[in-house]
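Below, each chain spelled out in residue letters.
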2 protein chains.
Amino acid sequence: MNIPTVFWLVPVASVVALSMAYLFFTQMMKADEGTPRMREIALYVRKGAMAYLRQQYRVVTIVFVVLCALFAFMAYGLHVQNPWVPFAFLTGGFFSGLAGFFGMKTATYASARTANAARESLDAGLKIAFRSGAVMGLTVVGLGLLDIAIWFVVLNQFDADGLISITTTMLTFGMGASTQALFARVGGGIYTKAADVGADIVGKVEADIPEDDPRNPATIADNVGDNVGDVAGMGADLYESYCGSVLSTAALGASAFAASAVDGMQIKAVIAPMIIAAVGVFLSLLGIFLVRTKEGATMRDLLRSLSLGTNISAVLIAIATFAILYLLGIDNWLGLSFSVISGLAAGVIIGQATEYYTSHSYKPTQKISEAGQTGAATVIIKGIGTGMISTCIPVITIGVAIMLSYLCANGFDLSMSSTSLAHGLYGIGIAAVGMLSTLGITLATDAYGPIADNAGGNAEMSSLGEAVRHRTDALDALGNTTAATGKGFAIGSAALTALALLASYIEEIKIAMVRAGQTLTNVSGDVIAASNATIPDFMNYFQVNLMNPKVLVGAFIGAMAAFLFCGMTMEAVGRAAEKMVQEVRRQFREIAGILEGTGTPDYGRCVEISTRAAQHEMIIPSILAIIIPIIVGIVLGVAGVLGLLVGGLAGGFTLAVFMANAGGAWDNAKKNIEEGNFGGKGSFAHKACIVGDTVGDPFKDTSGPSLNILIKLMSMVSIVMAGLTVAFA
Amino acid sequence: MNIPTVFWLVPVASVVALSMAYLFFTQMMKADEGTPRMREIALYVRKGAMAYLRQQYRVVTIVFVVLCALFAFMAYGLHVQNPWVPFAFLTGGFFSGLAGFFGMKTATYASARTANAARESLDAGLKIAFRSGAVMGLTVVGLGLLDIAIWFVVLNQFDADGLISITTTMLTFGMGASTQALFARVGGGIYTKAADVGADIVGKVEADIPEDDPRNPATIADNVGDNVGDVAGMGADLYESYCGSVLSTAALGASAFAASAVDGMQIKAVIAPMIIAAVGVFLSLLGIFLVRTKEGATMRDLLRSLSLGTNISAVLIAIATFAILYLLGIDNWLGLSFSVISGLAAGVIIGQATEYYTSHSYKPTQKISEAGQTGAATVIIKGIGTGMISTCIPVITIGVAIMLSYLCANGFDLSMSSTSLAHGLYGIGIAAVGMLSTLGITLATDAYGPIADNAGGNAEMSSLGEAVRHRTDALDALGNTTAATGKGFAIGSAALTALALLASYIEEIKIAMVRAGQTLTNVSGDVIAASNATIPDFMNYFQVNLMNPKVLVGAFIGAMAAFLFCGMTMEAVGRAAEKMVQEVRRQFREIAGILEGTGTPDYGRCVEISTRAAQHEMIIPSILAIIIPIIVGIVLGVAGVLGLLVGGLAGGFTLAVFMANAGGAWDNAKKNIEEGNFGGKGSFAHKACIVGDTVGDPFKDTSGPSLNILIKLMSMVSIVMAGLTVAFA
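This write-up is about the structure you can find in this document. (Residues numbered from 1 in each chain as written. Chains lettered and ligands numbered in written order. Predicted model: local features only at pLDDT ≥ 70, side-chain atom pairs only at ≥ 80, totals over all residues. Heavy atoms only, no water.)

Another point: the interface of chain B and chain A. Contacts between the two partners involve 89 residues from chain B, matched on the other side by 89 residues from chain A. Buried area between chain B and chain A, summed over both chains or domains, comes out near 7400 Å², and the portion from carbon and sulfur atoms is 82%. If you look at where chain B meets chain A, you find 2 salt bridges. Here Lys382 of chain A and Glu578 of chain B are joined by a salt bridge, their closest N and O atoms 3.1 Å apart. The interface formed by chain B and chain A contains 10 residue pairs in polar contact (both at pLDDT 80 or more). For the side of chain B that touches chain A, the element with the most residues is helix α17 (residues 549–590) of chain B, which contributes 24 residues. Residues that form the side of chain B that touches chain A fall into these classes: 62 nonpolar, 19 polar and 8 charged. (Contact = heavy atoms within 4.5 Å. Buried area = accessible area lost by both parts, 1.4 Å probe. Salt bridge = Lys/Arg side-chain N within 4 Å of Asp/Glu carboxyl O. Polar contact = N/O pair within 3.5 Å; in protein donor to acceptor, adjacent residues only side chain to side chain. Helix = DSSP H or I, 4+ residues; strand = E, 2+ residues; numbered from the N terminus. Nonpolar A, V, L, I, M, F, W, Y, C, P; charged D, E, K, R; others polar.)

Our focus in this paragraph is the relation of the copies chain B and chain A. After a rotation of 180° and a shift along the axis of 0.0 Å, chain B superposes on chain A with an RMSD of 0.0 Å. The superposition of one copy onto the other is thereby described by a two-fold rotation axis. Same-surface contact between copies: 100% of interface residues of chain B are shared with the interface of chain A. (Least-squares fit on C-alpha atoms with pLDDT ≥ 70 in both.)

A few words on the packing of aromatic side chains. Tallied over the full model, the rule gives 49 aromatic pairs over all chains. Ring geometry for Tyr52 of chain A versus Tyr191 of chain A: centroids 5.0 Å apart, planes at 55°, classification tilted. One end of the pair, Tyr52 of chain A, is in helix α2 (residues 36–77); the other, Tyr191 of chain A, is in helix α5 (residues 163–207), with 139 residues separating them in the sequence. Look at Tyr191 of chain A and you get buried, because its relative accessible area is 0%. The interplanar angle of 45° and the centroid separation of 5.8 Å between the aromatic rings of Phe563 of chain A and Phe658 of chain B together place this pair among those described as tilted. Of this pair, Phe563 of chain A sits in helix α17 (residues 549–590) while Phe658 of chain B sits in helix α19 (residues 619–674), on two different chains. In terms of burial, Phe563 of chain A and Phe658 of chain B fall into one category: buried. An aromatic cluster of at least three residues, connected via ring pairs, comprises Phe563, Phe658, Trp666 and Phe699 of chain A together with Phe563, Phe658, Trp666 and Phe699 of chain B. (Phe/Tyr/Trp six-rings, centres within 6.5 Å; stacked < 30°, edge-to-face > 60°. Buried < 20%, exposed > 50% of the residue type's maximum accessible area, 1.4 Å probe, protein only.)

What follows is the structure, encoded as structure tokens:
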């Protein structure tokens, strides 16, 4: 098939993104890493992080080998899957891991340099930290577009079954990325929170020493954790989201425009999300360059500068979408552009709501701080209450965005005819792409937070004094404020992408039926080819209706899977944190002079505890996410799987928002007290809020963010395993 | 229509149950209430409880008047609802309230008497407490069957539209019961937990005085709370479950057997669940009489005696079902009996799983106690983890029970034809009825717990000494152990009943369409009467398929509604508890000599705080449960409502199990420590576990149990409002 020339913008954007990432990296490396003590600490952290990542990749490699063998058997033995699938799966996993690896490498080199720059000025610190964050942002989008472009060209050359087959095969590489991302998020999340919780409980609560104090044996593990969890884990996560949204939308485009009378319309619909993403790269770059301040900038200036960068990118992509879709000449380009607008608007609203419920500038979090005066129990009760209530706005916003992007894309057609449905779903997909298209910059604002945080750790451990620490804290806080919109986009796009994947699942089942030589009976009772089945035909044939007990049981299991997964990761953090607490207590007890600063703690043991815990504990929950859809597919068939995915999506999304926001609110309720409210540091209320913050750690950094991946991974597994379901269910 | 003679067993059972309840009540009243001090305290508690209940009924009355006016307008103004609906709604609410009222009245008279009997022996204490619990159990089933019997006879006389119309109209009285129950559970739950949390935080944690110590100003409020929450709230709740299961199954029977060629088969199917429930009353009575022990019985004997009573009733109802369905001559009586068996088995398994995850005889709870050694944060993390993991077995069990009861009832027919579906759903309904049929005794074992608990409070406040308190504690613990099966039945039947209500919703939409003179297009494209529509026709016409964005948005909102509701009730408890803490602290500070036992605390102020908090805070969450389905119905139509109900059911059920089990596990983790493990009472671990217990209080006694009602109420509201949806959506 002829690929339109404009497609080449995609590899170009990829190369530009990767080149700029490399440029920023070399610039950052030129900066001074500071005193010997600072270098030493940075080296410790870097070594610990790399050591962990090696372990994680070892475990993940085994999983990938097993799954790959399974796919190879499905493709070449059972002939129930496309022969390209095993390879696509591998590259997705590989690139996702690479994105995390590069991001983390950069972060571990940047932290001491940021601390050193912060000795000079706030502005200098921002520059290093933000540019290093941008390395991550650009690497993720660059690698994502590279993988997409390569596979699209290769499959176009060799897969003769047309664009529907090509795009659904490409989803396999989404599954590879999701699998890698889930391990990275879960493993990294357990690592970082075991260390963080352990360090906080003994350090802050029991021994009354500050965060990142070098006397705390868990402090290096804590800083390593920030890198493997908040940087490498997040990198793999957003790589997965980014690719997932583009790939699922491409697949929807292929089926929505399969019957278009206009020549080339189908391929245009397939590449449209890729082009939007590619243009997003350039706009992100523009935004990144806009983030610069003059010497002696105040916090206000910095904030304005950061917001300016992200907001301009977002506004420009909204405008650019109209131009891209118009110039591509896609049917109903205007409607589709409004779909993107509704997605972007939803992201902004979700971001604002998140901000409202989790920032201590607003009532809900302030009330949690206030509850600290009556103890830890009321802090926990209020935090859970706030988190649960905070699900309301995001869910309703996503609901409205789903309806609007659907209706804009199909000309406000509620008939549920096959065409109107397909076009509507394509609109939902493209809205998700719009939300993630400026990931280059939104991820930069997200990733620079942990870098600043680590810089703070480095400053504390190197005893650079209060002023430097204050500056790095300010940078960190700044990141939290600007990251809200980015988080809104990430959460919102996950829901929309997961929804788009439902449609891809149906397409893949049809493909699998054609491959297996199966036909189906349409609603009028005629036997037809699976590829000709309309949605009502499909739903009727597979009895996918809400009174079918299989669908209902599937929905129950889907919602339960989200809880089970969170429960397992919470328990994992709890177990590891307990071990960490006991180890830190043991060191305080057995190694003389630690608390006086004369004895040296054994940092290595704590690093080892986190590493081992993460490595062991990430396996079962992650495998579960892969196995549940396979079992449900075989036992309950297509109807059960669709129930599972809808139950998992509705339950999992809500649970994810709850956990993320409760965790965020607890974190900031504690910070609010540390700023001197309700008794300030060391007060009764402060101790109570530290308990809240500690509980919130795995909520917001382990279980919550993993759920977004889980939801999509379950869909991707179902899609890739469709052949098995068709053959055996 | 001719009502078969066997139906009269239902009113007979009702009268027998109520008479026995009265008999037990008078027997209990004859017992000595103990010392003047004991009488005084019991009077305080009784007055407080009654005062609160009056307030609650006042609020609920307003809500009922408004809803009743709305229904009257729908029935007589818009003609979109059956004219009997407003009256049926009222009686349901009235009887539900009455069940709670009588139960609570009995409990408040029984507590001092139980304490007094416990001065004599464990056995004597058990007798009073258990028989008083039986008053509640028998009142609930007696009033339930009375209301059902009366309405069935009345409507049979006056409603000429046949059994489908009669049974769906009767569901309105289910809605009345659910509305009352939700207010009772939420209001009572907020009341009791505000007092409990407040009393524990200041009393146990800060002032280091024991539970129920008369020096604690919140102690009377706490004891009042046990009565209004755990007794009156639970009574209204189980009244709702009991009636809901019978009524929804009757409605399913009416539609499943509407086209039966055998004369009278339809009415047999309608009364079958009533007959099973009626027979269950007699078997419960048998079980209640079996609970008796000899003088000087040991704990082991008592436990055996209690288990014997409940188990024999459960086994006998299983056997009796075969006989009942065979003698009634229902089609496929054998299959339907096996449906009941699968329901009962599921209830037992869920009960055992609950026991495993929440009893400190097993690992999960022990691990939470152990986590106490590293502080409150790890206790909370582990408890949440355990609660989330504990959702797995109940959800899978319910899934299997749904499939089995469905398939047994329709002869293992997976075709989803209208007949097979209707029969299968009837099987699911009748399984739920089987689980609740022995409610007379299971509720007795449940309700006697709070009575024993209150007796303990009375003993403590009257300074009856350690030995008496030990005995009442033992009785309470005994109740917790035997209540597991009953709880399993209650949770399981809620899920099955909610599922059955989905089908009733579809029936009611059809009725509403017929009433509005609307027709629909079937899958073949022909225009047919709504009453003739098959499930595929219906699903196709209303586009209820899993790719319809309305269904998906509905599912999102359903899951969110469960979280929002829990969040609001959690916050309510948190707010009220904070006020309570401040009040108790104030009294300790301002009233001289309280802690030395020379000053008298102002109990009344604490009672007032709880009363006012419950009264204010119960309104919004409860109203929300009624309004959400109405709005979704009007905005998103039938497809959206079905999505809402499925999302609410899957998400809400899982959330309910999580909250109940996490709360239970925290409670017992604390008790485990109090038995001397991990440092025992007063240790660091104990303080940490008290935080867990306090957080768990609203989990297990406010938010969690209310969810079961919420799920069903949303379905009932949808059913009753179907006319509006048809007219305006």
